[in-house]
Every structure is written in C-alpha cells, then in structure tokens.
Amino acid sequence: MNGAKEKVNLLAEKNIILGVTGGIAAYKAADLASYLTQLGAKVHVILTKSAQEFISPLTFSALTGLPAAGDLFSADYGPLKHIELATAADAFLIAPATANVIGKLAAGLADDLLTTTALAVTCPRLLAPAMNANMYAQQVVQENIALLCRRGWELIAPEAGRMACGAVGLGRLADKDKIVAFLRRSLGRKDLAGLKILVTAGGTREPLDPVRYLGNRSSGRMGYALAQVAWERSGEVILISGPTALVPPYGVRFIPVTTAQEMYEAVMDIFPEADIVVKAAAVADFRPANQAKEKIKKEEHEMLVLNLEPTPDILAALGRKKTRQILAGFAAETQDLLANAKEKLKAKNLDLIVANDVSRRGVGFESDTNIVTLLFADGRQENLPEMDKYDVAHAVWDAICSLPRFASLKK
Ligand code: CTP
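Reading the values: the criteria
- Every chain is numbered independently, its residues counted from 1 as its sequence is written.
- Given that the model is predicted, a residue must reach a pLDDT of at least 70 before its local features are reported, and side-chain atom pairs must reach 80 or more before they are shown or counted; all residues, however, enter totals for whole chains, interfaces and linings.
- Only hydrogens and water are removed before side-chain values are computed, so all heavy atoms of the structure are retained for them.
- Labels follow the DSSP assignment, with helices taken as runs of H or I lasting at least four residues and strands as runs of E lasting at least two, numbered in each case from the N terminus.
- Every residue pair with non-hydrogen atoms within 4.5 Å of one another is taken to be in contact.
- All accessibility values rest on the Shrake-Rupley procedure with a 1.4 Å probe; residue burial counts only the protein chains present in the view.
- Residues are classed as near a molecule or strand on a simple rule: at least one heavy atom within 4 Å of it.
- By the criterion applied in these results, polar contacts are pairs of N or O atoms within 3.5 Å in which, for protein atoms, one can donate a hydrogen and the other can accept it, and in which residues neighboring in sequence qualify only through two side-chain atoms.
- Two aromatic rings, drawn from Phe, Tyr or Trp (for Trp, its six-membered ring), form a pair once their centres lie within 6.5 Å of each other, and the interplanar angle then sorts them: stacked below 30 degrees, edge-to-face above 60, tilted otherwise.
- Here the term buried applies to any residue with accessible area under 20% of the maximum for its type, exposed to any over 50%, and partly exposed to those in between, with areas from a 1.4 Å probe on protein chains only.
- In short, DSSP must find at least two bridges between two strands for them to pair.
- All domain edges in this entry derive from an automatic or database-based domain assignment.
- The quantity reported as buried area is the accessible area (1.4 Å probe) lost by two parts once they are put together, taken as the sum for both.
- Note on definitions: salt bridges are taken to be side-chain nitrogens of Lys or Arg within 4 Å of carboxyl oxygens of Asp or Glu.
- Just so you know the grouping, Ala, Val, Leu, Ile, Met, Phe, Trp, Tyr, Cys and Pro go in nonpolar, Asp, Glu, Lys and Arg go in charged, and all remaining residues, Gly too, go in polar.

Participant: Can you help me understand the overall build of the chain in this one?
Facilitator: Along the backbone of the chain there are 15 helices and 22 strands. Its C-alpha atoms give the chain principal-axis dimensions of about 80 × 55 × 40 Å. Sequence separation of 24 or more characterises 68% of the internal contacts of the chain that already satisfy a separation of 6 or more. Looking at the chain as shown, the accessible area adds up to about 19300 Å², and 52% of this sits on carbon and sulfur atoms.

In structure tokens:
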C-alpha cells in the first residue's frame, strides 16, 4: 500500500469544555485555552463565579473565538446551555480545579453552570487540581479526588514547586503540555489498552576514557514519539533510552541507560512481562575493548589505535527468546535499504521492521521527519511518504495492531 497519510491531530475540531475555577492558577487557563485553540480544538470555557474574580470571560472568548460562559441563569445562554454544551462535548476538563469544586463534584452538587454541566456530560472527564500544598494534602481533598477517579474521572496530578503563596510543595497546576497529553489520550483510540509496551530510544555511548565516548547521531525523537503515541493509545509504556536532549513523554515509565550493555540488561529485565517491544534505539555494535582509567593523553600517542569488541545484539537476543511478544525493530541503512532490512527482519525473528534510509538529507537522524518503509514478516510492505515522526509513530502502531498475532495478545 502506498500513498500519503493524514497528519494525526487528535484535537482537531474537537469540542473541549474547559472549566475554570477560582484559584490563582486561573490565569494559566487562558494560556491553555489559547494553546488548545491553536491545536485546532473548539474550546468552550465555563467559569465559576469565583474564577471571574481572577479573570474575565472576555479574555477567554477573545482567545478561543467562542463564547465563554459563567452564569447558569444568564439570558445570553438560555436555560438549556449546560445540556447543549454537554451533548456536543468530546472532553470535559477542569483546569484549575479548586478544593471547593472537587468537593462539590464528589458530593454530586450542581449549583452553577460548571457543576451542572459536569453531571450532564457523557464524554471523558479530566481534572487538573491546583491549590496550596497543605490543602492538596488534606485527607478530605485526597479522598474526594480518589472518589472521583473511581467514578471515571482522570486525574492530571499537580506538580511540585513554588506556589503563589510563597510555599513550596505539591499543588501547582500541571503544565499545559502534560494537560494536552492527557487530553490526547482521552480522545484517542484505546487499541493498546491493557498491553505492556517496551520502547527503546536514543543512541548508546561507549566510554573510551573518563571524558570521551563513542556515540552516534541518534536524537531519540523517533523512539520518544513511539512511546508518546503508545501511551496516548492507552498502552502501559516503559521507555528505555540512551542519553538524549529530550524530556521523556508524560505517562511513560522512564529508564535511562548509557551503554549498550546497560540497555541490554534493562531490556532483558523487562522483556518477560512485555507484550510488545519496539527497538528504535541506535545501539552501538562495538565498544572499546579496554576503557582507559585516566584521560588518554595526546603526548603519549603518535597514532591512537582503538581495539573494539562487539556489544550484545539486544534485538537478536529478544528474537531468540520471544514467546507471545510482538517484536519490531528499525533498520538504519545507507545502501540496499530494503534488502538489508528484510535480512534483519528474518535474522532477528521480528514481526515488523521499519526500514529507514539514513543517508537521505533532512530526514531520519536528528530530524523531525522521517521517510520509512514498513516490512512485515508475512511479506507485506508499506511505503510511507515523508511524515512527522509523531505521525510515523502512529503508522507503526497501526501496523502493529494490524498483525494477526496482535489479536491474540488482547485475549
Ligand atoms: N540493535 C540491537 N542491539 C545492537 C544493535 C542493533 O538491539 N547491538 C537493534 C536496533 O535497535 C534496531 C535493529 O537492531 O532495531 C537494527 O539495528 P541496525 O543498527 O540497523 O543494524 P545492526 O543489526 O546493528 O546491523 P548493521 O549495523 O551491521 O547494519
């Protein structure tokens, strides 16, 4: 199958109700509403009465291009506004959520537009609390949150840091990228739900002496995108990564490693419990046979010859061990792309290999985009056009979900 794939934008044209409640973090909701609008969502803002002490509906309507509502009984909106909004909503998010509104929701109270709408929606409901750390730690607040989670609300936990009151602790509103990640997960497909997924990413570093190493040009972006998308598609994700400049995606369990040997050990540790493994890491094939204890001095060498020994081939080892698992690898090639990739697919006993021509300028290593061909163990082949690595990641997960063995994993 050939042809262009559409860019995956889970937020495009989605109706998001953003509830804003009365805490100082309400000002951050303006930035969030603007960001969601820029990402293509239709953001319908509902402010509580106390939120309007901090920020006005006008700010939100100017940012979203849609009316921002406050009053259940306002003549502007009509008496059935909450039902109208609730029926159209794809996601219902309260950010920031105060202790007061959390308490009201837990008790089932509905005395304003936000809390009545909360009872009327049938879409995913998300809660991003923000308050003073002592308030957040209060047993009653924690119990209310736990109760809401049991009833199906998704908690976007606050972060630790300095708060408006000057204290430092757990209670700052989650940052907007984290909130968007949770929204994407609630709006996306759930095809990886219940599956444990192991992704490797980045390049490994093989030390030569205490200050130098042998490395490669992998940025980690492809592997991080695969981990992010797997989490957004509801998988339980473990990301084992060599050093990169990237922040690990939200929701994944992150295991940093440096050398091929460390990656081998970490992967082998997790493998028995994994359902799917995608190895996007650029693992060194060789490492210095001897690591110098002290910095190598140039005066001591006219020519420096390095003796290299092979590292373990992690994917090949997994291929030998695999039982129920689905195994996918990458083939980074500069020549004979498909022939070399097919050879690796077979030799490493994989279900799928992503063939990647790393000699093409502007794609692959250190780039935001990639051009890949997916090769399946049953002989199928799918050529993908140049795509953002996030979209390539979706295509790889689509391919994995299409494997006949995938259905048996879900049983
Ligand atoms: N791989 C691995 N362990 C290694 C080397 C590679 O797990 N020591 C994995 C990579 O993560 C990738 C796949 O094997 O998924 C293919 O990696 P690649 O570098 O393209 O090929 P190699 O098998 O190393 O062969 P060569 O370098 O000779 O092309």
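Anyway, onward from the coordinates.
Participant: How should the site of the ligand be read in this particular structure?
Facilitator: Within the structure, the ligand sits among 16 residues, and Lys-279, Ala-281, Asp-285, Phe-330 and Lys-348 are positioned closest to it. Backbone polar atom of Lys-279 to an oxygen atom of the ligand: 2.7 Å apart, as the coordinates give it. Between the ligand and the protein, one listed contact pairs a nitrogen atom with a backbone N or O atom of Ile-314 at 3.0 Å. Against a free-state accessible area of 570 Å², the protein chains account for coverage of 78% of the ligand. At the level of elements, helix 12 (314-321) and strand 17 (326-333) are the ones that each hand at least two residues to the shell around the ligand. If you tally residues by element for the shell around the ligand, the top one is strand 17, at four residues.

Participant: Mind showing me how you'd approach the packing of aromatic side chains here?
Facilitator: Any pair of aromatic rings gets described here by the distance separating the centres and the angle formed by the planes. Per the stated rule, a full pass over the model turns up three aromatic pairs. A centroid spacing of 5.1 Å and a plane angle of 80° characterise the contact between Phe-182 and Trp-231, whose relative ring orientation is edge-to-face. Residue Phe-182 is located in helix 9 (residues 176-187), and its partner Trp-231 is located in helix 10 (residues 221-232); the two are separated by 49 residues in the primary sequence. Judged by its relative accessible area of 12%, Phe-182 is buried. For Trp-231, a relative accessible area of 6% puts it in the buried group. Plain terms: the ring middles of Tyr-224 and Phe-254 are 6.4 Å apart, the flat faces sit at 65° to each other, and that makes the pair edge-to-face. With a gap of 30 residues between them, Tyr-224 in helix 10 and Phe-254 in strand 13 (residues 253-256) connect regions that are remote in the sequence. When its relative accessible area of 5% is taken as the criterion, Tyr-224 is described as buried. Accessibility expressed as a relative area gives 32% for Phe-254, which makes it partly exposed.

Participant: In this structure, what is going on with the pairing of strand 1 (residues 15-20)? I would like to understand it.
Facilitator: The side chains of a regular strand alternate between both faces of the sheet. Taken across its six residues, strand 1 has six buried, putting it largely inside the fold. Where burial is concerned, the two faces of strand 1 agree: the one with Asn-15, Ile-17 and Gly-19 and the one with Ile-16, Leu-18 and Val-20 are both buried. Sheet analysis places strand 1 next to strand 2 (residues 42-47), joined by six bridges and oriented parallel. Opposite Ile-17, over in strand 2, you have His-44 as the bridge partner. By the bridge criterion, four bridges tie strand 1 to strand 4 (residues 91-97) in an arrangement that is parallel. Residue pairing in the sheet places Ile-16 in a bridge with Ala-91 of strand 4.

Participant: Would you mind showing me how to read the domain arrangement of the chain here?
Facilitator: Where the parts come together, the accessible area they lose is often given as the size of the interface. Domain parsing of the chain yields domain 1 (15-187) and domain 2 (196-409). Of note, the centres of domain 1 and domain 2, computed from C-alpha atoms alone, are 39 Å apart. Contacts between domain 1 and domain 2 engage seven residues on the former and seven residues on the latter. Regarding the contact of domain 1 and domain 2, the summed buried area is about 670 Å², with carbon and sulfur atoms giving 57% of it. Interface area lost by domain 1 to domain 2 is led by Ala-181, Arg-184 and Arg-185, which between them contribute 73%. On inspection of domain 1 and its partner domain 2, the count reaches one salt bridge. When the residues that make up the side of domain 1 that touches domain 2 are grouped by side-chain class, the tally is two nonpolar, no polar and five charged.

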